[in-house]
Amino acid sequence: MGPNLNKLFGRKAGSAPGFNYSPALKASGIVWDAKTLDQYLAAPTTRVPGTRMVMKVGDPARRAALIAYLKAETK
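Heads up: these notes are all about the structure in this document. (Residues numbered from 1 in each chain as written. Predicted model: local features only at pLDDT ≥ 70, side-chain atom pairs only at ≥ 80, totals over all residues. Heavy atoms only, no water.)

For the structure shown, the criterion picks out two aromatic pairs. Where Phe 19 meets Tyr 21, the ring centres are 4.9 Å apart and the plane angle is 70 degrees; that geometry is what we call edge-to-face. Given the relative accessible area of 32%, Phe 19 is considered partly exposed. Assessed through its relative accessible area of 7%, Tyr 21 is described here as buried. (Phe/Tyr/Trp six-rings, centres within 6.5 Å; stacked < 30°, edge-to-face > 60°. Buried < 20%, exposed > 50% of the residue type's maximum accessible area, 1.4 Å probe, protein only.)

Dropping the structure here:
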């Protein structure tokens, strides 16, 4: 299971309480927005070497739909 994605945008990667993030993600300096999330979902281990997330979303349309959904959930 992953961390809670509620209010993801504007949050520093690896900072939500209650989840054991990889040291790599905590140290990444990423602040989540549509661009950083798109890059991460496309290739997590390339964007953040050492991350524990190995599943990627290769299809740009699916990434866009996921990002739109997460944006709508944070309003």
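Let's shift gears to the side chain of Thr 36. Relative to the assigned elements, Thr 36 resides in helix H2 (residues 34-42). Overall, the relative accessible area of 12% leaves Thr 36 in the buried class. A polar contact of 3.1 Å, which involves the side chain of Thr 36, links it to the backbone oxygen of Val 31. If sequence neighbours within four positions are ignored, Thr 36 has contacts with Ile 30, Val 31 and Arg 47. (Helix = DSSP H or I, 4+ residues; strand = E, 2+ residues; numbered from the N terminus. Polar contact = N/O pair within 3.5 Å; in protein donor to acceptor, adjacent residues only side chain to side chain. Contact = heavy atoms within 4.5 Å.)

Counting residues in hydrophobic clusters, the biggest one holds 13 residues, and the most contacted among them are Leu 25, Trp 32 and Leu 37. Every element with two or more residues in this core is listed here: H2 and helix H4 (60-73). For this core, the element with the most residues is H2, which contributes three residues. Dropping the residues within four chain positions of it, Leu 37 is found in contact with Leu 8, Phe 9, Trp 32, Ile 67 and Leu 70. (Core = buried A, V, L, I, M, F, W, Y, C linked by side-chain atoms within 4.5 Å.)

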